[in-house]
Amino acid sequence: MKVFVKWCSGSLLPNVAAIRKQVFFALMMVLSVVATVMLSFPLKAQITPSAGLASELRGVWLTNIDSDVLFERDRLKTSLQNLDKLNFNTVYPAVWNWGHTLYPSKVAAKVIGRAIDPTPGLQGRDMLKEIVTEGHKQGLTVIPWFEFGFMAPADSLLAKNRPQWLTSRSNGSRIVKEGKHDRVWLNPFRPDVQQFIQDLIVEIVRNYDIDGIQFDDHFGLPSELGYDAYTVALYKKEHRGQAPSKNPRDPEWLRWRASKITNFMQRVFKAIKATKKDCLVSVAPNPQRFSYDYFLADWQKWERMGLIEELVLQIYRDDLNVFVQELEYPEVKTAKAHIPVSIGILSGLKNRSVPIQQIQTQVQKVRDRNFAGVSFFFYETLWNLSQEASAKRQAGFQQIFTQPAKYPNLITGWKP
């Protein structure tokens, strides 16, 4: 040790200072080469490790569309175990789709005439109870997703049994295309429709040990609709006999309908909290301008009113510049100061594969801006439905979530 100290101080040999300079410059050359090589790696190798993150949403949506994950007990159990191993911490299972509940429902049986979706894989079991039980066993937060909202298939039992519940365009047409599918929409302004939807929601909150419940743009209404006789009469009553504008994007007509939906959202929020105080209300909408103009879903106002306790903003963009631009809007930054705001990222669709490197890049952009986390749409495209090998995809998500992290829960102490 004494010899080493003398060497470092330069007192051991007369030419030691020159040697030290040579060593220093050699070391700088080595570090420069290493840095150059590191920067030449693909972006996926540069993603900021998740170690040290006290909390971060790592979610995924589970749906019965283009996916079999919900249709078999053992497959579902294995999937939840795999998500836990890869350090995911939250699942959003669909519970209301295609005009049916995906769990046994007394409310649905009474109104629709069928207690559960008729898909064979859901019969004789309670899929939601399985997810809650196994999910909690694996440490996952379980937040059921009320996916279809006020929407239903045009040929569904619900639409056939309750035609008076449907709304329409100004020309009387009801069908709204969603891809190749014909959809109709329940009228969110009718008290009987509102009661049915609220009863379904409260039934889930009351009967299952869930951590929250989630809505999206389908909890609004396509802005081209709302011209049914009931709604027009209601508008006239509140406007001294004046009919609504024939222009579905008329600002006043938009505002009136959006305000009615906001009032219902407030009512639902109170009903949820009266049933289970610590059940989080989560909303996963599109960016505000689209949600409001096209679906009358004024989530910015909902957030200001305290009706949202978790926001997962769907930003399904391939263009990185557009993706980043959506992260920077003022209403997004404002919400971040109040509640956990995470970003929904597209991991792929049935006929649209999203490269793992794109996913990693978008996650990094989200982390750079200190969002609460990310959620992926949807489970099957994480590593099953993809042009890339399953092993490569899973390795890619291991690079994103290197260590476990807690779910950022507003109720249990989350801070902006």
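Heads up: the structure comes first, above all this text.
Let us look at the structure shown here. (Residues numbered from 1 in each chain as written. Predicted model: local features only at pLDDT ≥ 70, side-chain atom pairs only at ≥ 80, totals over all residues. Heavy atoms only, no water.)

1. Topic: the sheet that holds strand 7 (residues 176-178)
Link 1 in the chain: The antiparallel open sheet is built from 3 strands, whose spatial order is 6-8-7. Strands at the two margins of the open sheet, each flanked by one partner only, are strand 6 (151-153) and strand 7. Strand-to-strand, the axes of this sheet are offset by a mean angle of 45°, without reference to chain direction. (Pairing = 2+ DSSP bridges. Helix = DSSP H or I, 4+ residues; strand = E, 2+ residues; numbered from the N terminus. Axes fitted to C-alpha atoms, helices over the stretch in contact; angles between N-to-C directions.)

2. Here we look at the side chain of Glu310
Link 1 in the chain: Locating Glu310 in the fold gives a position in strand 11 (residues 310-314).
Link 2 in the chain: Although Glu310 is buried, it forms no salt bridge, and the closest oppositely charged side chain is Lys273 at an N-O distance of 12 Å.
Link 3 in the chain: Separated by 2.6 Å, the side chains of Glu310 and Ser282 make a polar contact. (Buried < 20%, exposed > 50% of the residue type's maximum accessible area, 1.4 Å probe, protein only. Lys, Arg positive; Asp, Glu negative; His and termini not counted. Salt bridge = Lys/Arg side-chain N within 4 Å of Asp/Glu carboxyl O. Polar contact = N/O pair within 3.5 Å; in protein donor to acceptor, adjacent residues only side chain to side chain.)

3. Observations concerning the sheet that holds strand 2 (residues 90-93)
Link 1 in the chain: Judged by pairing direction, the sheet is parallel, and its 8 strands sit side by side in the order 5-2-1-15-12-11-10-9 without closing on themselves. In this open sheet, the two strands that pair with only one neighbour each are strand 5 (141-142) and strand 9 (212-216).
Link 2 in the chain: When strand 12 (residues 341-346) meets strand 15 (residues 373-377), the two strands line up parallel, connected through 5 bridges. Looking across to strand 15, one finds that Ser342 is bridged to Gly373.

4. Examining the packing of aromatic side chains
Link 1 in the chain: Per the counting criterion, the structure on display carries 32 aromatic pairs.
Link 2 in the chain: With 6.1 Å between their ring centres and 45° between their planes, Trp185 and Phe295 make a pair best called tilted. Of this pair, Trp185 sits in strand 8 (residues 181-185) while Phe295 is found in helix 10 (residues 288-295), placing the two residues 110 residues apart along the sequence. Each member of the pair, Trp185 together with Phe295, is buried.
Link 3 in the chain: Judged by centre distance (6.0 Å) and plane angle (50°), the rings of Phe290 and Phe295 are tilted.
Link 4 in the chain: Owing to a relative accessible area of 35%, Phe290 belongs among the partly exposed residues under this scheme.
Link 5 in the chain: Exposure remark for Phe295: the relative accessible area of 16% places this residue in the buried category.
Link 6 in the chain: Just above the ring of Tyr294 sits the side chain of Arg249; from NZ or CZ to the centre is 4.1 Å. (Phe/Tyr/Trp six-rings, centres within 6.5 Å; stacked < 30°, edge-to-face > 60°. Lys NZ or Arg CZ within 6 Å of the ring centre and 35° of its normal.)

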